[in-house]
Amino acid sequence: MWNLPFLPQDASTVAGRVDLLFLTLIGLALLFAVPVAALVIYFAVKYRRGTPASRAGALHQNMALEVTWIVIPLGLALGIFFWGARLYVDLYRLPADGLDIYVVGKQWMWKFQHPTGQREINELHVPAGRPIRLTMISEDVIHSFYVPAFRVKRDVLPGNYTTAWFEATEPGSYDLFCAEFCGTEHSRMVGRVIVMEPRQYAEWLTRQPITGAAPIPEASGQAAGGGQPATLAEAGAQLFQSLGCSSCHLADGSGPAPSLVGLYGREVTLADGQTVTADTQYLRESILNPNAQVVAGYNPIMPTFAGQVSEEQLAALLEYIKSLGGSPAESGGQSPG
Ligand code: CUA
């Protein structure tokens with residue numbers, strides 16, 4: 001929209017809005033700073049020796065002037081506050097639907113998982129004109145996902161999901177940086193976001209091998225159970241079987257552990273009477289540290305899977321649990337007890 005020479009290229013739906021606010025702030029700052037600086041210099045030179053009048057001159061109160069210089073800056077500050085807050089909310093709140101991509105940062109690379117089971121390293125292919133919703137986590141230290149052309153920058157933390165979204169407007173290849181110092185090779189933790197026309201993207205997907213959430217090569221030589229091409233959710237379903245989750249989490253809720261059908265996004269009551277939303281963060285915690293927040297009516301008997309499942313496998317398990325349905329609206333089986 002702007003593509004000014006001193007700003008990064010402008011290639012997402014929000015980039016123009018971010019730039020407009022940025023340029024307005026710069027413009028306002030210049031509007032006030034330049035005359036003030038010029039007058040300071042002018043008066044310093046003109047009155048460098050002082051004059052009798054300058055010392056003796058009495059100052060008179062001027063109510064109209066005082067009200068003016070209170071009201072105008074206050075109005076400007078409030079206007080910028082609400083403008084910025086509105087943009088902030090739009091940047092942080094994920095759109096209601098879009099393409100969900102899982103991002104794993106590690107020293108020193110970016111790993112991406114598509115819901116359809118394709119995986120990429122340091123390259124992310126996405127369609128133009130569709131919101132891309134990122135669920136991000138780090139395997140080690142804090143990284144930061146930064147695509148200047150989309151005006152998107154969000155920290156990627158170990159142990160906690162963060163989210164970000166963008167909708168690219170122009171096909172092309174855009175720089176991805178890590179914007180948080182994360183060790184020796186931080187400056188080489190770079191990648192590309194490749195934006196394609198939707199049809200091209202669909203074609204590209206069909207040409208990619210589908211690996212679901214197979215273990216990362218150095219971790220294990222064996223492929224994930226089943227060996228069938230799988231979407232991320234199907235890969236999660238295979239893990240759900242092979243890890244033994246399915247023997248306790250029976251779909252009809254008759255097992256020793258809660259049914260996961262319709263669980264995602266629902267409020268659950270815990271043993272201590274508190275309620276918590278079964279979002280990605282809660283579900284991830286419940287796999288790694290299951291007895292910290294046990295659902296009311298169940299015994300804390302689930303073993304931990306920390307150290308046994310990679311972040312990518314966790315993403316697959318979460319996609320599987322999401323695929324079992326669930327939303328705050330529907331509450332088919334009230335949490336049994
Ligand atoms: Cu990762 Cu800097």
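The model shown is predicted, which means the values in this text are computed figures rather than measured ones. (Residues numbered from 1 in each chain as written. Predicted model: local features only at pLDDT ≥ 70, side-chain atom pairs only at ≥ 80, totals over all residues.)

## Quick look at the overall build of the chain
Link 1 in the chain: When you go through the chain residue by residue, the secondary structure sums to 7 helices and 12 strands.
Link 2 in the chain: Partitioning the contacts of the chain with sequence separation of at least 6, the portion at a separation of at least 24 is 64%. (Helix = DSSP H or I, 4+ residues; strand = E, 2+ residues; numbered from the N terminus. Contact = placed C-beta atoms within 7 Å.)

## Describing the sheet that holds strand S4 (residues 123–127)
Each strand in a sheet pairs with another by means of backbone hydrogen bonds, the pair being arranged parallel or else antiparallel.
Link 1 in the chain: Here we have 5 strands laid out as an open sheet, ordered S4-S10-S9-S6-S7, and mixed in their pairing. Edge strands, defined here as strands with exactly one partner in the open sheet, are S4 and strand S7 (152–156). The average undirected angle you get between the axes of adjacent strands in this sheet is 20°.
Link 2 in the chain: Helix H4 (residues 198–207) contacts S4 and strand S10 (191–196) of the sheet and is inclined by roughly 130° relative to S4. (Pairing = 2+ DSSP bridges. Axes fitted to C-alpha atoms, helices over the stretch in contact; angles between N-to-C directions.)

## Points about the domain arrangement of the chain
Link 1 in the chain: Assigned domains within the chain: domain 1 (15–49 + 60–92), domain 2 (99–207) and domain 3 (232–323).
Link 2 in the chain: Computed from C-alpha coordinates alone, the two centres of domain 1 and domain 3 are separated by 52 Å. (Domains from an automatic or database assignment.)

## Observations regarding the nonpolar core
Link 1 in the chain: Ranked by internal contacts, the top residues of the largest apolar core, which has 51 residues, are Val103, Leu134, Met136, Val147, Phe150, Leu317 and Ile321.
Link 2 in the chain: For this core, the element with the most residues is helix H7 (residues 311–323), which contributes 7 residues.
Link 3 in the chain: Both of domain 2 (99–207) and domain 3 (232–323) provide at least three residues apiece to this core.
Link 4 in the chain: What leucine 317 contacts, discounting residues up to four positions off in sequence, is Gly236, Leu239, Phe240 and Ile287. (Core = buried A, V, L, I, M, F, W, Y, C linked by C-beta atoms within 7 Å. Buried ≥ 20, exposed ≤ 12 C-beta atoms within 10 Å, placed from the backbone.)

## Topic: the packing of helix H1 (residues 15–46) against helix H3 (residues 63–92)
Link 1 in the chain: Axis separation between H1 and H3 bottoms out at 11 Å; the angle between their running directions is 160°. With respect to each other, H1 and H3 are oriented roughly antiparallel. As for the relative orientation of H1 and H3, their crossing is left-handed in sense. Contacts from Arg17, Val18, Leu21, Leu25 and Leu28 in H1 reach Leu76, Ile80, Trp83, Gly84 and Leu87 in H3.
Link 2 in the chain: The class makeup of the residues in the contact of H1 with H3 is 8 nonpolar, 1 polar and 1 charged. (Parallel < 35°, antiparallel > 145°, perpendicular 65-115°, else oblique. Left-handed = near helix turned anticlockwise from the far one by under 90°. Nonpolar A, V, L, I, M, F, W, Y, C, P; charged D, E, K, R; others polar.)

## So, the sheet that holds strand S5 (residues 132–138)
Link 1 in the chain: Taken in spatial order, the 5 strands of this open sheet run S3-S2-S1-S5-S8, and their pairing is mixed. Looking at strand neighbours, the two that pair on one side only are strand S3 (119–121) and strand S8 (162–166), the edges of this open sheet. Taken over all neighbouring pairs, the strand axes of this sheet differ in orientation by 25° on average, direction set aside.
Link 2 in the chain: Across 5 bridges, strand S1 (residues 99–106) lies against strand S2 (residues 109–113) in antiparallel orientation. Across the sheet, residue valine 104 finds its bridge partner in S2, namely lysine 111.

## What about the pairing of strand S6 (residues 143–147)?
Link 1 in the chain: Among the 5 residues that make up S6, 5 are buried, leaving the element largely enclosed by the rest of the structure.
Link 2 in the chain: Where burial is concerned, the two faces of S6 agree: the one with His143, Phe145 and Val147 and the one with Ser144 and Tyr146 are both buried.
Link 3 in the chain: Sheet topology places S6 next to S7; 5 bridges connect them, and they run antiparallel. Paired with serine 144 across the strands is aspartate 155, a residue of S7.
Link 4 in the chain: Linkage of S6 to S7, two consecutive antiparallel strands, is achieved through a turn of 4 residues, within which arginine 151 is found at a positive phi near 55°.
Link 5 in the chain: As defined by bridge partners, S6 adjoins strand S9 (residues 172–178) across 2 bridges and the pair is classed as antiparallel. Bridge pairing in S9 links tyrosine 146 to phenylalanine 177.

## Observations concerning unusual backbone geometry
Link 1 in the chain: Cis rather than trans, the peptide bond between glutamine 107 and tryptophan 108 has omega equal to -5°.
Link 2 in the chain: On the secondary structure map, tryptophan 108 appears in the loop between S1 and S2.
Link 3 in the chain: Although it is not a glycine, asparagine 122 sits at a positive phi angle of roughly 60°.
Link 4 in the chain: Relative to the elements of secondary structure, asparagine 122 occurs in the loop between S3 and S4.
Link 5 in the chain: Owing to 15 C-beta atoms within 10 Å, asparagine 122 belongs among the partly exposed residues under this scheme.
Link 6 in the chain: One non-glycine residue, arginine 151, adopts positive backbone phi at about 55°.
Link 7 in the chain: Looking at the element boundaries, arginine 151 is found in the loop between S6 and S7.

## Looking at helix H5 (residues 232–242)
Link 1 in the chain: Residues of H5 that are buried: Leu232, Ala233, Glu234, Ala235, Gly236, Ala237 and Leu239.
Link 2 in the chain: Residues of H5 that are buried make contact with S2 and H7.
Link 3 in the chain: One or two positions beyond H5, positive phi appears at glycine 244, with a value near 90°.

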